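Listed below are the residues making up each chain.
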Amino acid sequence: MKMKKLLAAAAVFSAAIAAAHCAAAEDITFHSDPTPTQSQTILLWDEGNIPAETVWSDSNPSGDPEDFMPNMISVPAEGSEIKGAVMISPGGAFQYRSPAEGIPVAEELSKLGYQCFVVNYRLRPYTQEEAALDLSRAVRYVRAHADDYGIDPADIAVMGFSAGGILSGELALHFQGDVNGTVLDPDYVPDELDDIPADVASVGLMYSFYGRLSVASTDEEELRNAELPPTYVLYGSNEVFRSQIEDQVELLERIGVPFERHILEGYGHGFGARGDWFNDYDRFLTEVFASDDELLESEAPVIDGNVLRYSAEAGGDPSDTTVIAALYDEGRLAGVRLNEYEGEFVLEPDSEYMLKLFAWRSGTMTPAAKSLEFDGLTAGSAPELTEMLNNELDGENGTIHYTYYLPSDYDETKSYPMLVTLPGWSSRFSTIVNTPLTENEYARQNAEAWTAKLGDMIVLSPNLTDWGDTSARQTIELTDYFINNFSVDKGRIYAAGFSAGGETLSRVIDMRPELFAAYLHSSSQWDGGYENAARYRVPVYICMAEHDEYYGPERAEAAYDGLRAAYTAAGLSDDEIDSLLVLDLKPDQYFSNDDSGSYHSGGHLFACDDSIIDWMTSR
């Protein structure tokens, strides 16, 4: 049977721990009623409910008797300023707990303002994982009583020496958050303390490392995915495991784990409280805990259709802070925004996302704020649109006929991206004046596809009056009219031209290249010039069917070659040009489910292609 017995308090401690501190402990108790100003020995588990997967046996060597109960000894902070809590795990190869690495360390740190707790975790024959559950339980207890101890519940650090450091790392790797005893023992019954997260603000590896006894972990994926907190690495110049420690430090640096390293000259393994390292560790913890004074604040993100919008604020000097928003799709990184305190991500249907917000002090690996997490985020339905047909604007270049779409809950106090989309001849090219427009199918398809990706936006579709400059000038005039009279985000205006609409928009790009963040040139030829597009570095996506019956792929290739030559002449590198220009000749199978009747007409699909929309909106 597994060891699940609560025994008399007098049998709790090994002889070494009892000799070291029991005389100073005021009382022995289970997890309730702390006495923060007095030293106290606290039992970590309830009667008959200690998670274990190991059967204790006399034949297994152990530094504890069979009736040992995991516990921790509190050492109160001295002085009026309490900085936080430090959980201390002594070393001893998991066969004993070194007295020199427990209470003496806690007493030194308590003088610097830390509430300290020496954790007496289970030794062999129990496993590293069972000992980690003891440590996580200790963290939960301190966090549950943070107000009693006068600390911020976020300001809890774990640190340990040798095997105790490995144990601290094991907690950070596998036992933070809501992980409880059921992961090892299905018979364990969680209690109210298991509702408290076991997260820690930092890990102290004192002549130790993340890994197992005598073996530092080289599992880059495991260390990266664990999202380890700031780590303090301490060892002597004569450390027996120095090469392993330093190899792991290089790995931590490579994968972006925030860490600091301190080396004591002339010291080997097992120096404990000796050596000049307490003030440096105090500085490190002060910086980590001080992040609470510069909180990263954010309301829950808003999901509008398929668009997630967030807004964050980090305390301190913005010029001294790096803010990162990271979107995860079922554990995989799906997008990153750097130094954007307000931003948005496009969500795919049928996926569940998590948004994490981080703030770092610029030029360091020190967090300026605790990371914020928003989980269980899913895309909603596409926003509803209001379609406006048969509109006219009397302009300097004649009457402009157009269709436009607004969000059904259009709010003039907001700022919306806008798509300017020009259809080809089939969408009432020259007959619009005499034939009432009852639909604009191309523009409607574009509006539905783009709002499904971007959420609320404005879609504008001029109807052509010629194949050349008149329609180009009218498109510019109408776009300016919407910029001046609607709530348009001028930094996010996109253009898509199909067939004759592409010919017209290529002229618009030549006349007013600064208007658009990106342009999709579909199934068309380029009638405008190239130099102005190059001067303003306009991103252009050129798309054509390989067997387009009307233009043929040669027109698309000519447009691409002309633009590339102009961008080269403007001094752009090949990599820069590749980020701005795309030539995409679609094979026949791309149109296999399209019933438009020709490859040329199938070009109406391009402006609704998710990958193309993603490319344009990421420019």
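Residues numbered from 1 in each chain as written. Predicted model: local features only at pLDDT ≥ 70, side-chain atom pairs only at ≥ 80, totals over all residues. Heavy atoms only, no water.

As recorded in an unreviewed UniProt entry, the protein chain goes by the name Alpha/beta hydrolase fold domain-containing protein, listed as coming from Candidatus Ornithomonoglobus merdipullorum.

Draft legend 1. Highlighting the packing of aromatic side chains. In this structure the tally under the stated criterion is 33 aromatic pairs. Look at F117 and Y149: their rings are 5.0 Å apart centre to centre, the planes differ by 85 degrees, and that puts the pair in the edge-to-face class. Of this pair, F117 sits in strand β5 (residues 114–120) while Y149 sits in helix α4 (residues 146–149), and the two are 32 residues apart along the sequence. Neither residue differs from the other here; F117 and Y149 are each classed as buried. When the ring centre of Y126 is taken as origin, the NZ or CZ atom of R122, which lies over that ring, is 5.5 Å away. (Phe/Tyr/Trp six-rings, centres within 6.5 Å; stacked < 30°, edge-to-face > 60°. Helix = DSSP H or I, 4+ residues; strand = E, 2+ residues; numbered from the N terminus. Buried < 20%, exposed > 50% of the residue type's maximum accessible area, 1.4 Å probe, protein only. Lys NZ or Arg CZ within 6 Å of the ring centre and 35° of its normal.)

Draft legend 2. Local environment of the side chain of D282. Turning to its location among the elements, D282 is positioned in helix α8 (residues 278–290). Setting aside anything within four residues of it in sequence, one finds D282 in contact with K83, L112 and Y114. (Contact = heavy atoms within 4.5 Å.)

Draft legend 3. Representation of the packing of helix α3 (residues 128–144) against helix α5 (residues 163–174) within the structure. At a minimum axis separation of 9 Å, α3 and α5 run at an interaxial angle of 75 degrees. As summarised for this structure, α3 and α5 are arranged roughly perpendicular, according to the angle between their axes. In this structure, α3 uses Q128, E129, A131, A132, L135, S136 and V139 to contact α5, whose residues at the interface are I166, L167, S168, E170 and L171. In terms of residue class, the contact of α3 with α5 is built from seven nonpolar, three polar and two charged. (Axes fitted to C-alpha atoms, helices over the stretch in contact; angles between N-to-C directions. Parallel < 35°, antiparallel > 145°, perpendicular 65-115°, else oblique. Nonpolar A, V, L, I, M, F, W, Y, C, P; charged D, E, K, R; others polar.)

Draft legend 4. Region of interest: the sheet that holds strand β27 (residues 581–586). The strand order β20-β21-β23-β22-β24-β25-β26-β27 describes an open sheet built from eight strands, whose pairing is mixed. Looking along the sheet, the strands with just one partner apiece sit at the ends: β20 (385–395) and β27. Here the strands of the sheet are splayed against their neighbours by 20 degrees on average, with no regard to which way each runs. As paired strands, strand β24 (residues 488–498) and strand β25 (residues 518–522) are joined by five bridges and run parallel to one another. The residue bridging Y494 from the neighbouring strand is A518, located in β25. Most of the contacts of helix α9 (residues 441–454) go to strand β22 (residues 416–422), to which it runs at about 150 degrees, and overall it touches β20, β21 (398–407), β22, β23 (458–463) and β24. Sheet strands in contact with helix α13 (residues 553–569) are β26 (540–545) and β27, and its direction is about 170 degrees off that of β27. (Pairing = 2+ DSSP bridges.)

Draft legend 5. How the structure looks around the confidence of the model for the protein chain. With 88% of its residues at a pLDDT of 70 or more, the protein chain has an overall mean of 86. Ranking the helices and strands of the protein chain by mean pLDDT puts β5 first, with 98, and helix α1 (residues 15–22) last, with 33. In this model, residues 1–26 is a region of pLDDT below 50 whose contacts with residues beyond four sequence positions or in other chains number 54 contacts. Per-residue pLDDT stays below 50 along residues 428–436; that stretch engages in 14 contacts with residues further than four places along the chain or on separate chains. (pLDDT = per-residue confidence, 0-100.)

Draft legend 6. The layout of surface pockets, seen in detail. The computed volume of the second largest pocket comes to approximately 500 Å³. Together, 23 residues line the second largest pocket, and R337, E344, F345, V346 and T617 are the ones closest to its centre. No other element matches the five residues that strand β17 (residues 342–346) contributes to the lining of the second largest pocket. Classifying every residue of the lining of the second largest pocket by side-chain character gives eight nonpolar, five polar and 10 charged. (1 Å grid on protein atoms, 1.4 Å probe; cavity = no way out; pocket = protein on both sides within 12 Å on 5 of 7 lines; lining within 4 Å. Points joined across faces, edges and corners; volume = space filled by probe spheres on them.)

Draft legend 7. Summary view of the pairing of β20. The sheet contact formed by β20 and β21 spans nine bridges and is antiparallel. Note on β21: the bridge partner recorded for E387 is Y405. Here β20 folds back onto β21, and the loop between the two strands holds two residues.

Draft legend 8. Broad picture of the environment of A447. Structurally, the position occupied by A447 is in helix α9. Residue classification places A447 among the buried residues on the basis of a relative accessible area of 0%. Separated by 161 residues in sequence, A447 and C608 place their C-alpha atoms 8.7 Å apart.

Draft legend 9. Region of interest: the packing of α9 against helix α15 (residues 610–617). For the pair α9 and α15, interaxial distance at closest approach is 11 Å and the crossing angle is 60 degrees. Judged by the angle between their axes, α9 and α15 are oblique. Crossing of α9 over α15 shows right-handed handedness. Listed contacts from α15 to A449, W450, K453 and L454 of α9 are D610, I613, D614, M616 and T617. Among the residues making up the contact of α9 with α15, the classes are represented as five nonpolar, one polar and three charged. (Left-handed = near helix turned anticlockwise from the far one by under 90°.)

Draft legend 10. Seen up close, the pairing of strand β11 (residues 259–264). When strand β10 (residues 231–236) meets β11, the two strands line up parallel, connected through six bridges. If you follow Y235 over to β11, its bridge partner there is I263. Handedness of the β10-helix α7 (residues 242–255)-β11 crossover: right-handed. (Right-handed = clockwise from strand over helix to strand, strands pointing away.)

Draft legend 11. Region of the structure containing the pattern of salt bridges. Under the defined criterion, the tally for this structure stands at 29 salt bridges. Here E227 and K356 are joined by a salt bridge, their closest N and O atoms 2.1 Å apart. On the criterion of sequence distance, the pair formed by E227 in the loop between α6 (220–225) and β10 and K356 in strand β18 (residues 352–361) is long-range, its members being 129 residues apart. Among the residues examined, E227 registers a relative accessible area of 40% and is labelled partly exposed. We note a salt bridge from R283 to E287, for which the minimum N-O separation is 3.5 Å. Of this pair, R283 and E287 both sit in helix α8, four residues apart, which is roughly one turn of the helix. (Salt bridge = Lys/Arg side-chain N within 4 Å of Asp/Glu carboxyl O.)

Draft legend 12. Just α7, in detail. If you check α7, its first and last C-alpha atoms are 20 Å apart, about what 14 residues at 1.5 Å a residue would give, namely 20 Å. In this structure, the buried residues of α7 make contact with β7 (202–206), β9 (215–216), α6, β10 and β11. Downstream of α7 by one or two residues, G256 has phi in the positive range, about 85 degrees. (Expected span 1.5 Å × (residues − 1).)

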